[in-house]
Amino acid sequence: MTVTMSNVGIVVEDLGVAIDFFQELGLELEGRAMVAGEWAGRVTGLGDQRVEIAMMRTPDGHSRLELSRFLEPEVVADHRTAPVNALGYLRVMFQVDDLDDTLERLRKHGARVVDEVVRYEDVYRLCYVRGPEGLLIGLAEELG
């Protein structure tokens, strides 16, 4: 059996700000669309819904991130301030060529390192970053 990852979804309040942040990280905007109607609600279980989405693609074309802004129904929960040991999805990890340069560029979009950049043996430099709206991502720079 073959399984491939289609995309990871993140719900945001401000789609434009989120697009800018992930473009600064290096993802490319593949497209924007409105997803609406009863058919979509049969997938999500939310009934009649209207959701503005943006599909972001990594430069290698292998991974996608779907950013969603719900117009209807209203958002009912907010997990952005949950600690990293909370149950559920934690974060998306991105491998970057230059961690310091990436952090510098993302800081212009309000990003901040959760605690500190650490070195894992002689393999990676790693950190968690809170971006716009408190979104949590991980960054890894392979060493050597």
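As shown above, the structure is provided for reference.
With that out of the way, let us pick up the packing of aromatic side chains. Under the criterion given, the structure shown has two aromatic pairs. Plain terms: the ring middles of Phe 21 and Phe 22 are 5.1 Å apart, the flat faces sit at 80 degrees to each other, and that makes the pair edge-to-face. For Phe 22, a relative accessible area of 0% translates into the label buried. Ring geometry for Phe 22 versus Phe 94: centroids 6.2 Å apart, planes at 50 degrees, classification tilted. Taken as a pair, Phe 22 in helix H1 (residues 15–25) and Phe 94 in strand E5 (residues 92–96) lie far apart in primary sequence, 72 residues in all. No difference in accessibility class separates Phe 22 from Phe 94, as the two residues are buried. An aromatic cluster is present here, built from Phe 21, Phe 22 and Phe 94 joined pairwise through their rings.

Quick look at the sheet that holds strand E3 (residues 49–57) now. Strand order in the open sheet formed by four strands is E1-E4-E3-E2, and the pairing between neighbours is mixed. At either margin of the open sheet sits one strand with a lone partner, and together these are strand E1 (8–11) and strand E2 (28–37). With strand direction ignored, the average angle separating the axes of adjacent strands in the sheet is 25 degrees. Strand direction decides the pairing type here: E3 and strand E4 (residues 64–72), joined by eight bridges, are antiparallel. When the bridges of E4 are listed, Val 51 appears paired with Phe 70.

What follows covers the pairing of E3. The element E3 is largely enclosed, with a buried count of seven among its nine residues. As judged from the nine bridges shared by E2 and E3, these two strands associate in the antiparallel manner. Its bridge partner being in E3, Ala 33 is matched across the sheet by Ile 53. With antiparallel pairing between neighbouring strands as the criterion, E3 and E4 make up a hairpin whose turn holds six residues, including Gly 61 at a positive phi of roughly 80 degrees.

We now examine H1. Three or more residues of H1 are buried, namely Leu 15, Ala 18, Ile 19, Phe 21, Phe 22 and Leu 25. Viewed along the axis of H1, the buried residues span an arc of 165 degrees, placing them on a single side of the element. Its side-chain oxygen placed 3.1 Å from the backbone nitrogen of Gly 16, Asp 14 serves as the N-cap of H1. Where H1 ends, the next residue or the one after it, Gly 26, has phi of about 125 degrees, a positive value.

Right, let's get into unusual backbone geometry. The amide bond that connects Glu 72 to the next residue, Pro 73, takes the cis arrangement and shows omega of -10 degrees. If you trace the backbone, Pro 73 turns up in the loop between E4 and E5.

Moving on to the nonpolar core. Ranked by internal contacts, the top residues of the largest apolar core, which has 26 residues, are Phe 22, Leu 25, Leu 65, Leu 67, Phe 94, Ile 137 and Leu 139. Elements with a minimum of two residues in this core: H1, E3, E4, E5, helix H3 (99–107), strand E8 (124–130) and strand E9 (136–142). By residue number, the principal contributor to this core is H1, which donates six residues. Setting aside residues no more than four positions away along its own chain, Leu 65 makes contact with Asn 7, Val 8, Ile 10, Phe 22, Leu 27, Ala 54, Met 55, Met 56, Val 92 and Phe 94.

About the criteria used
In this convention, every chain numbers its residues from 1, walking through the sequence in written order. Where local features are concerned, this predicted model is filtered to residues with pLDDT of at least 70; where side-chain atom pairs are given and counted, the filter is 80 or more; whole-chain, interface and lining totals use all residues. As a rule here, side-chain values cover all heavy atoms of the structure and leave hydrogens and water aside. Between the rings of Phe, Tyr and Trp (Trp by its six-membered ring), a pair exists once the centres lie within 6.5 Å; its type follows the angle of the planes, with under 30 degrees stacked, over 60 edge-to-face, and the other angles tilted. Only protein chains enter the accessibility calculation, which uses a 1.4 Å probe. A residue is then buried if its area is under 20% of the maximum for its type, exposed if over 50%, and partly exposed in between. A run of DSSP states H or I qualifies as a helix once it reaches four residues; a run of E qualifies as a strand once it reaches two. Both are numbered from the N-terminal end. Here a strand pair is declared whenever DSSP counts at least two bridges between the two strands. Each axis is a line fitted through C-alpha atoms, and for a helix only the stretch in contact is used; angles between axes span 0 to 180 degrees, taken between their N-to-C directions. Directions drawn from the helix axis to the C-beta atoms are what define this arc. Definition of a polar contact: a pair of N or O atoms within 3.5 Å, with one able to donate and the other able to accept a hydrogen when the atoms are protein atoms, and with sequence-neighbouring residues admitted only if both atoms are side-chain atoms. Here the nonpolar core consists of buried residues drawn from Ala, Val, Leu, Ile, Met, Phe, Trp, Tyr and Cys, with membership extended through side-chain atoms lying within 4.5 Å. The criterion used for residue contact is that any of the two residues' heavy atoms lie within 4.5 Å.

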